[in-house]
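Reading the structure
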Amino acid sequence: MVIFAKNVSLLLAMKFKRVVVLTGAGISAESGIKTFRDSNGLWENHAIEDVATPEGFARNPQLVYDFYNARRKQLLSPDVTPNKAHIALANVASRFAERFVLITQNVDNLHERAGNTDVLHMHGELQRARCVRSGKTITTTGDIDGHHHCTCCHPSQALRPDIVWFGETPQYMSQIEAALCQCDIFVSIGTSGNVYPAAGFVELAKNHGAHTVELNLEPSAGKNNFAEHHYGLASVIVPQFFNASMK
């Protein structure tokens, strides 16, 4: 059980009424989650085209199943746990309730394990599988392969990882865009600023009058779009930022 800190800034609660946070790989790196893509553009030594596209799944489904089964197993490791950044965001969410929207590019479940109950996983979730026909999802913590089928269709259909692959539309986009247009502060945490549409969220929020903040290990590709910047380990700067008075 996670026990939340109780010192979220009162000024934060008074000054900003609607908060939107976007998280990327940088927030989970300290929890032992490997980044899929390395400096050569490979995903765990596989070409993106082979394990992260609909065409790759059609061409060699077992390779794709094996790839995501391995990623799913990693989440079950006792060494992978939420860090202080995840916990800080769960604390903020508990105080702001419906006025707080958490969007993540990550497919792990660390935000949920930290205490966040409402997370928009725009790129899908490792611990869910999706019917290839209906798109309906089920929770799964074990391996899946071509022998697993849905219960929503007749006849039942194959399941695929609930991961948004290249060439597919991210999930929850209408909700995300509405939240960005209504918030008065947008905070981007641990993202590279290279992957769209997430890289464009800061501009949408800024164009609708939101204060924009980047919390990152180092400046992102879109750093000039942010009004405020703080750099360092997510486990350090995220709690500091949300627990301090925002000036």
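Keep in mind it's a predicted model, so treat the numbers as computed, not measured.

**Focus on the state of the cysteines**
Summed over all chains, the structure comprises zero disulfides. In this model C131 remains outside any disulfide bridge; the closest cysteine sulfur is found in C153, 3.7 Å from its own. Not part of a disulfide, C150 finds its nearest cysteine sulfur in C152, a span of 3.6 Å.

**Remarks on the pattern of salt bridges**
Opposite charge on two side chains makes pairing possible when the charged atoms of those side chains draw close. A full pass over the atoms with the stated rule returns four salt bridges. In this structure, D162 and R130 form a salt bridge, with 3.0 Å as the shortest nitrogen-oxygen distance. Here R130 lies in strand β4 (residues 124-131) and D162 lies in strand β6 (residues 159-163), a separation of 32 residues in the sequence. With a relative accessible area of 3%, D162 lands in the buried category. Here R160 ties to E168 by a salt bridge, and the two come within 2.8 Å at their closest N and O atoms. Judged by relative accessible area, which is 8%, R160 ranks as buried. You can call E168 partly exposed: its relative accessible area is 23%.

**Here we look at the environment of N216**
Residue placement: N216 occurs in strand β8 (residues 211-216). Given the relative accessible area of 9%, N216 is considered buried. Along the backbone, N216 and Y231 are 15 residues apart, and their C-alpha atoms lie at a distance of 5.0 Å. Ignoring any residue separated from it by four or fewer positions in sequence, one finds N216 in contact with G190, T191, H230, Y231, G232 and I237. A polar side-chain atom of N216 sits 2.7 Å from the main-chain carbonyl oxygen of T191.

**With respect to the pairing of strand β7 (residues 185-189)**
Within β7, five of the five residues are buried, leaving the element largely enclosed by the surrounding structure. Here β7 shows two buried faces, one formed by I185, V187 and I189 and the other by F186 and S188. Bridging between strand β1 (residues 19-23) and β7 involves five bridges; their strand directions are parallel. Its bridge partner being in β7, V21 is matched across the sheet by V187. Relative to β8, β7 runs parallel, the two sharing five bridges. When the bridges of β8 are listed, F186 appears paired with T212. In this fold, the crossover linking β7 to β8 by way of helix α9 (residues 201-207) has right-handed handedness.

**Section: the sheet that holds β1**
Taken in spatial order, the six strands make up an open sheet running β3-β2-β1-β7-β8-β9, and their pairing is parallel. With partners counted over all chains shown, the strands left at the sheet margins are β3 (119-121) and β9 (228-231), one partner each. The average undirected angle you get between the axes of adjacent strands in this sheet is 15°. Note: β1 against strand β2 (residues 100-104), five bridges, orientation parallel.

**Focus on the layout of surface pockets**
The calculated volume of the second largest pocket comes to roughly 150 Å³. Among the elements of the structure, β3 and β4 are those that each provide at least two residues to the lining of the second largest pocket. If one sorts the elements of the lining of the second largest pocket by residue count, β4 sits on top with three residues. Grouping the constituent residues of the lining of the second largest pocket by class yields two nonpolar, five polar and three charged.

**Comments concerning the pairing of β8**
The two faces of the sheet receive side chains in turn, since in a regular strand these alternate between them. With five of six residues buried, β8 lies mostly within the body of the structure. Two strands pair when backbone bridges link them, and β8 and β9 are joined in this way by four bridges, in the parallel orientation. Among the inter-strand pairings, N216 is bridged to a residue of β9, identified as Y231.

**A word on the nonpolar core**
Counting residues in hydrophobic clusters, the biggest one holds 23 residues, and the most contacted among them are V238 and F242. Those elements giving two or more residues to this core turn out to be β1, α6 (84-96), β2, β7, β8 and α10 (234-243). For this core, the leading source of residues is α6, giving six residues. When near neighbours in sequence (up to four residues on either side) are disregarded, V238 contacts A85, A88, L89, I189 and L215. Core analysis: the next-biggest nonpolar cluster, separate from the first, contains 22 residues, Y65, F67, V107 and L110 among them.

Cut-offs used in this document
Each chain has its residues counted from 1, running along the sequence as written. Since the coordinates come from a predicted model, pLDDT governs what is reported: local features require at least 70, and pairs of side-chain atoms require 80 or more to be given and counted, while whole-chain, interface and lining totals use all residues. Values shown for side chains rest on all heavy atoms present in the structure; no hydrogens or waters enter the calculation. Criterion for a disulfide: a pair of cysteine sulfur atoms within 2.5 Å. The rule for a salt bridge is simple: a side-chain nitrogen of Lys or Arg has to be within 4 Å of a carboxyl oxygen of Asp or Glu. A run of DSSP states H or I qualifies as a helix once it reaches four residues; a run of E qualifies as a strand once it reaches two. Both are numbered from the N-terminal end. Three exposure classes are used, based on accessible area relative to the maximum for each residue type with a 1.4 Å probe and protein chains only: buried under 20%, partly exposed in between, and exposed over 50%. Note on definitions: a residue-residue contact is assigned when non-hydrogen atoms from the two residues lie within 4.5 Å. Within 3.5 Å is the distance limit for a polar contact, defined as a pair of N or O atoms, with the added protein rule that one can donate a hydrogen and the other accept it, and that residues adjacent in sequence qualify only through two side-chain atoms. The pairing criterion for strands is at least two bridges between them, as found by DSSP. Assignment of crossover handedness uses the view with strands pointing away from the viewer, where a clockwise path from the first strand over the helix to the second indicates a right-handed crossover. Axes here mean lines fitted to C-alpha atoms, for a helix over just the part in contact, with angles spanning 0 to 180 degrees between N-to-C directions. A pocket, in this scheme, is an open set of points on a 1 Å grid over the protein atoms alone with protein on both sides within 12 Å along at least 5 of 7 lines, while a cavity is a set where a 1.4 Å probe fits but cannot get out; residues line either one if an atom lies within 4 Å of a point. Grid points are joined across faces, edges and corners, and a volume is the space filled by probe spheres set on the points. Any residue that is not Ala, Val, Leu, Ile, Met, Phe, Trp, Tyr, Cys, Pro, Asp, Glu, Lys or Arg is counted as polar, Gly included; the first ten are nonpolar and the last four charged. To form a nonpolar core, buried Ala, Val, Leu, Ile, Met, Phe, Trp, Tyr and Cys residues must be joined to one another through side-chain atoms within 4.5 Å.

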